[in-house]
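Now for the letters of each chain:
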Amino acid sequence: MKQYNFDEVIPRKGTNCVKHDGLKLFFGREDLTPMWVADMDFRTPDFIMDALRQRCEHEVLGYAMPPESYWNAVRGWLKNHYAIESEREELHFIPGIVSGISFVLQALTEPGDGVLVTTPVYPPFLDLPQGGHRQLVCSPLKIEDGRFAIDFEDLEWRARQCRWMILSNPHNPGGTVWGEEVLRRLADICYRNNVNVISDEIHADMTLAGHKHVSFSTVSQHAKDISITFMAPSKTFNMAGLGSSVCYCPNPSLRKRFFGYLDGYEVAMGNIFAFVGAEAAFSQGEEWLKQMLHYLEGNVEFLQNYLREHLPQVKAVLPEASYLAWLDFSDMGLQHDELKDRFLNRAHVAMNDGTTFGGSNYRCRFRLNLGCPRSVLGDCLERISASLE
């Protein structure tokens with residue numbers, strides 16, 4: 001059995017990657033260690049690269065269509081990992097989950113319709129409704145025992161104003177895994193209030209030991225009837241640049257309208273490498289994924305121990321899935337802008353600003369990406385700690 005090396009530090013600067021080469025644009029300086037954009041600094045697995053190289057040996061890169069082997073790999077992954085018994089007609093290729101959410105809002109809502117999210121949340125969940133002139137409705141999450149928790153009383157009240165909800169499952173930031181009972185209760189609330197649900201499950205494959213991902217559509221018939229689910233190999237296998245995602249829509253009425261939009265406007269046709277890469281990931285990825293998750297679990301434990309020993313004032317929501325920690329520095333006695341300045345100009349570490357996940361309620365919060373070699377994580381934590389002295 002091959003052993004993969006996740007300790008390897010791979011230079012990425014100069015490859016036109018957002019995470020490294022976008023630092024100047026987004027943070028104003030280049031001499032930063034990027035711990036922000038949600039991709040990993042590990043090598044894309046060899047079996048994916050081999051499949052891409054093999055396809056390139058046929059030196060014609062014309063228009064592509066997904067082969068039956070691609071759909072078999074997708075359906076097998078959904079069945080084996082999430083008990084989703086999908087039919088081929090219930091699935092559609094999507095060039096990216098953010099694009100997919102945008103397509104749902106364009107196809108199935110009207111300007112002024114309410115779109116519900118729980119905050120803090122991945123910034124495009126906030127930006128897409130507002131950019132499309134929909135009404136953004138936010139239900140703040142609570143912190144219970146160091147985890148994010150849904151305030152169901154608040155959520156139900158706000159759901160009455162909405163037609164759709166965008167659900168982050170698992171949640172981003174913080175990697176909270178919503179359990180079956182939580183999702184069933186959420187489905188009942190949305191069903192009662194005629195709210196359909198977009199379930200973004202891009203981090204599902206990255207559920208860590210001791211936790212289990214539950215796909216929203218599987219918790220009840222109500223959930224199945226009102227949901228469109230997006231999944232992708234992009235975060236899991238570090239292949240986001242290929243733009244390869246998949247949509248599962250079991251409700252025939254929703255499916256006819258949504259897939260009709262995708263096909264009618266030809267916005268989700270796919271490309272050669274998206275199909276080849278995803279098929280390789282879903283058909284050959286089990287062992288690599290197992291080893292990668294074990295390494296991430298070690299990074300989460302490393303962060304937890306470091307904070308306990310060196311920064312006990314920092315309150316953390318540590319991931320149960322994925323590699324995105326949510327750090328609360330509000331007990332450090334520093335204002336938000338001072339914290340930002342110290343992290344960038346003293347520590348030289350780029351993290352995501354918490355205010356972009358839902359506004360001023362999340363001042364002094366920052367999202368930290370743990371998808372990197374442990375030596376890089378340790379070095380960044382040392383610099384963050386020193387910048388706060």
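Residues numbered from 1 in each chain as written. Predicted model: local features only at pLDDT ≥ 70, side-chain atom pairs only at ≥ 80, totals over all residues. Heavy atoms only, no water.

This paragraph deals with a nonpolar patch on the surface. On the surface, Val18, Leu25 and Phe26 cluster together into a nonpolar patch covering about 350 Å² of accessible area. By the secondary structure assignment, Val18 is in helix 1 (residues 18–21). (Patch = residues over 30% accessible without salt bridge, like charges linked within 9 Å, V, L, I, M, F, W, Y side chains within 5 Å. Areas by Shrake-Rupley, 256 points an atom, 1.4 Å probe, with all protein chains shown as cover. Salt bridge = Lys/Arg side-chain N within 4 Å of Asp/Glu carboxyl O. Helix = DSSP H or I, 4+ residues; strand = E, 2+ residues; numbered from the N terminus.)

Overall, the coordinates contain one cavity of 30 Å³ or more when judged by the stated rule. Of the pockets and cavities examined, the largest cavity occupies roughly 50 Å³. Taken together, Trp77, Leu78, Tyr82, Glu201, Ile202, Ala204, Asp205, Met231, Ala232 and Phe282 make up the full set of residues lining the largest cavity. Examining the composition of the lining of the largest cavity, we find that three residues originate from one element, helix 4 (residues 68–82), more than from any other. (1 Å grid on protein atoms, 1.4 Å probe; cavity = no way out; pocket = protein on both sides within 12 Å on 5 of 7 lines; lining within 4 Å. Points joined across faces, edges and corners; volume = space filled by probe spheres on them.)

What follows concerns helix 13 (residues 336–345). Among the residues of helix 13, those classed as buried are His336, Leu339, Arg342, Phe343 and Leu344. Considering only its buried residues, helix 13 is in contact with helix 2 (23–27), strand 13 (349–350), strand 14 (352–353), strand 15 (365–369) and helix 14 (374–387). (Buried < 20%, exposed > 50% of the residue type's maximum accessible area, 1.4 Å probe, protein only. Contact = heavy atoms within 4.5 Å.)

Okay, the packing of aromatic side chains next. This model, assessed by the stated rule, comprises 24 aromatic pairs. A centroid spacing of 6.3 Å and a plane angle of 50° characterise the contact between Phe103 and Tyr261, whose relative ring orientation is tilted. Of the two residues, Phe103 sits in helix 5 (residues 97–108) while Tyr261 sits in helix 10 (residues 252–264), which places them 158 residues apart along the sequence. The burial state of Phe103 is the same as that of Tyr261; both residues are buried. Taking NZ or CZ as reference, Arg88 lies 3.7 Å from the ring centre of Trp71, over its face. A cation sits over an aromatic face here: Arg374 above Tyr295, 4.3 Å from the ring centre. (Phe/Tyr/Trp six-rings, centres within 6.5 Å; stacked < 30°, edge-to-face > 60°. Lys NZ or Arg CZ within 6 Å of the ring centre and 35° of its normal.)

Core analysis: the largest hydrophobic core is formed by 70 residues, its most contacted members being Phe237, Met292, Phe329, Leu368 and Leu388. A total of 10 residues in this core trace back to one element, the largest contributor, which is helix 12 (residues 286–310). (Core = buried A, V, L, I, M, F, W, Y, C linked by side-chain atoms within 4.5 Å.)

Next up on the list: the packing of helix 3 (residues 46–56) against helix 11 (residues 272–284). Between helix 3 and helix 11, whose axes approach to 9 Å, the crossing angle comes to 140°. With respect to helix 11, the axis of helix 3 lies oblique. Helix 3 and helix 11 meet at a crossing whose hand is right-handed. Only Ile272, Phe273, Val276, Gly277, Ala280, Ala281 and Gln284 of helix 11 make contact with helix 3, whose side of the interface consists of Phe47, Ile48, Ala51, Leu52, Arg55 and Cys56. Considered class by class, the residues forming the contact of helix 3 with helix 11 number 10 nonpolar, two polar and one charged. (Axes fitted to C-alpha atoms, helices over the stretch in contact; angles between N-to-C directions. Parallel < 35°, antiparallel > 145°, perpendicular 65-115°, else oblique. Left-handed = near helix turned anticlockwise from the far one by under 90°. Nonpolar A, V, L, I, M, F, W, Y, C, P; charged D, E, K, R; others polar.)

With that out of the way, let us pick up the sheet that holds strand 2 (residues 91–94). Two pairing modes exist for strands in a sheet, parallel and antiparallel, and in both the strands are linked by backbone hydrogen bonds. One open sheet accounts for seven strands, arranged 2-10-9-8-7-3-4; its pairing is mixed. Each edge of the open sheet is held by one strand with a lone partner, namely strand 2 and strand 4 (135–140). Neighbour-to-neighbour, the strand axes of this sheet turn through a mean angle of 25°, independent of strand direction. Bridging between strand 2 and strand 10 (residues 245–248) involves four bridges; their strand directions are antiparallel. If you follow His92 over to strand 10, its bridge partner there is Cys247. In the packing of helix 5 onto the sheet, the strands contacted are strand 2, strand 3 (114–119), strand 7 (164–168), strand 8 (196–200), strand 9 (227–231) and strand 10, and the crossing angle to strand 9 comes to about 160°. (Pairing = 2+ DSSP bridges.)

So, about the environment of Lys340. By the element assignment, Lys340 lies in helix 13. Spatially, the C-alpha atoms of Lys340 and Asn352 are 9.8 Å apart, while their sequence positions differ by 12 residues. When sequence neighbours within four positions are dropped, the list of residues in contact with Lys340 reads Asp353 and Phe366.

In this section: the side chain of Thr207. You can see Thr207 is positioned in the loop between strand 8 and helix 9 (221–226). Among the polar contacts listed, one links the side chain of Thr207 to the backbone oxygen of Ala204, at a separation of 2.8 Å. Excluding its chain neighbours within four sequence positions, the residues that come into contact with Thr207 are Val177, Lys212, His213, Leu293, Glu320 and Ala321. (Polar contact = N/O pair within 3.5 Å; in protein donor to acceptor, adjacent residues only side chain to side chain.)

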